[in-house]
Each structure stands twice: as structure tokens, then as C-alpha cells.
Amino acid sequence: MSSSFDGDDLFGSGPHRFQEGRGGWLVLPDESSGVPSTRNLIFGEFELRVFVFGRLLAASDAALWQQRDAIATAIDDLAVATLVDQNGKSWSDMTLVRVEWAEQVDRGRRVSIGYEARFHRFSPP
């Protein structure tokens, strides 16, 4: 099985792994009275973040740029879609919000570049 976002295989050309960000609730000390207190308040649940770490592989620089451009287009579109990892685990209502590229393209039998992509599930307004 291959991974996908909105039905597109953005990361399947090379090795990649998925990692969920922190989960749970934002809990802070209750400082509303101005008097030190041992009470805490819950301010809400953290929004879900999923990271994809990997390396794009291609036969040529041009082919690598096509893959990079497809990821850039997904960011520009701000689509809300389902993200699926290579094991079939899926996260609904995700948006691709960022990609950070490695500093250089590696060249050998194939050309490749490392990346970190960040997906975010925004809370309803």
C-alpha cells in the first residue's frame, strides 16, 4: 500500500515515515485571582499535527522538480483532505501547511532530496 494525500501519492518515490504530533489538552495554572493557587484550568484540546519525514527520489533533476512542484501545489491549494500512511492509517480533515527541504540535492544513480512535511487539522471556528 502506498501513502497518499487527497488521493495523490506525494511521497511514494522514496522512503518516508509518519509521526503524529503532541496530543491531549492545554492545561495551565489558574492565575485569575492573582493569588498563587494549585488549581489548573483546561483551555482546550491541541489540534492534530502529522509529520512526514522522508526523501524524494527521481531519475533526473527535472523529475525531482516535478515531485517538489506537486507538493508545493498541495500547499498552495490548502485542501482539506484525508492523509493516509503506507500502512493504511488515515487522518481525515488534514491540510498540508508546510514543507522544509534538506539543504542540498544528492546526486548518484538517482537524484534525491530529504524533506519534512507538516499536516495540520484545524479546529472548527
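Computed from a predicted model, the values in this text were never measured in an experiment.

What counts and what doesn't
Residues numbered from 1 in each chain as written. Predicted model: local features only at pLDDT ≥ 70, side-chain atom pairs only at ≥ 80, totals over all residues. Heavy atoms only, no water. Patch = residues over 30% accessible without salt bridge, like charges linked within 9 Å, V, L, I, M, F, W, Y side chains within 5 Å. Areas by Shrake-Rupley, 256 points an atom, 1.4 Å probe, with all protein chains shown as cover. Salt bridge = Lys/Arg side-chain N within 4 Å of Asp/Glu carboxyl O. Helix = DSSP H or I, 4+ residues; strand = E, 2+ residues; numbered from the N terminus. Core = buried A, V, L, I, M, F, W, Y, C linked by side-chain atoms within 4.5 Å. Buried < 20%, exposed > 50% of the residue type's maximum accessible area, 1.4 Å probe, protein only. Contact = heavy atoms within 4.5 Å. Phe/Tyr/Trp six-rings, centres within 6.5 Å; stacked < 30°, edge-to-face > 60°. Lys NZ or Arg CZ within 6 Å of the ring centre and 35° of its normal. Lys, Arg positive; Asp, Glu negative; His and termini not counted. Charge placed at Lys NZ, Arg CZ, Asp CG, Glu CD.

### Looking at a nonpolar patch on the surface
A grouping of Trp 25, Val 27 and Ile 42 is seen on the molecular surface, where their side chains present a nonpolar patch of about 340 Å² in accessible area. You can see Val 27 is positioned in strand 3 (residues 25-29).

### A short note on the nonpolar core
By size, the foremost hydrophobic cluster in this structure holds 24 residues, and its most contacted members are Leu 96 and Phe 119. Those elements that place two or more of their residues in this core are strand 5 (49-58), helix 1 (61-77), strand 6 (81-84), strand 7 (90-101) and strand 9 (111-120). No other element matches the five residues that strand 9 contributes to this core. Other than its neighbours up to four places away in sequence, Phe 119 contacts Phe 5, Phe 11, Leu 48, Arg 49, Val 50, Val 52, Leu 83, Met 94, Thr 95 and Leu 96.

### Focus on the environment of Met 94
If you trace the backbone, Met 94 turns up in strand 7. Taking the C-alpha atoms as reference points, Met 94 and Phe 122, separated by 28 residues in sequence, lie 7.6 Å from one another. Apart from the residues lying within four places of it in its own chain, the contact partners of Met 94 are Phe 5, Leu 48, Val 50, Ala 79, Val 80, Ala 81, Leu 83, Phe 119, His 120 and Arg 121.

### Some details on the packing of aromatic side chains
According to the stated counting rule, one finds six aromatic pairs in the structure shown. Seen in terms of ring centroids, Phe 11 and Tyr 115 are 5.3 Å apart; in terms of plane orientation they differ by 25°. Their pairing is stacked. Remark: Tyr 115 occurs in strand 9 and Phe 11 occurs in the loop between strand 1 (4-5) and strand 2 (16-20); sequence separation between them is 104 residues. Here Phe 11 matches Tyr 115 in class, with each residue buried. The interplanar angle of 80° and the centroid separation of 6.2 Å between the aromatic rings of Phe 11 and Phe 119 together place this pair among those described as edge-to-face. Highlighted residues: Phe 11 in the loop between strand 1 and strand 2 and Phe 119 in strand 9, separated in sequence by 108 residues. Taken together, the ring pairs connect Phe 5, Phe 11, Trp 101, Tyr 115 and Phe 119 into an aromatic cluster. Sitting over the ring of Trp 65, Arg 68 keeps its end group 4.2 Å from the ring centre. If you follow Arg 68 out to its NZ or CZ, it ends over the ring of Trp 101, 4.5 Å from the centre.

### With respect to unusual backbone geometry
With phi around 55°, Asp 6 is a residue other than glycine that occupies positive phi space. With respect to the helices, strands and loops of the structure, Asp 6 is situated in the loop between strand 1 and strand 2. Assessed through its relative accessible area of 47%, Asp 6 is described here as partly exposed. You will see that Leu 78, though not glycine, has its phi angle at about 50°, which is positive.

### Considerations on a negative patch on the surface
A surface patch of like charges, here negative, comprises Asp 6, Asp 8, Asp 9, Asp 76 and Asp 77. Position of Asp 76 among the secondary structure elements: in helix 1.

Coordinates in, geometry out; function isn't part of it.
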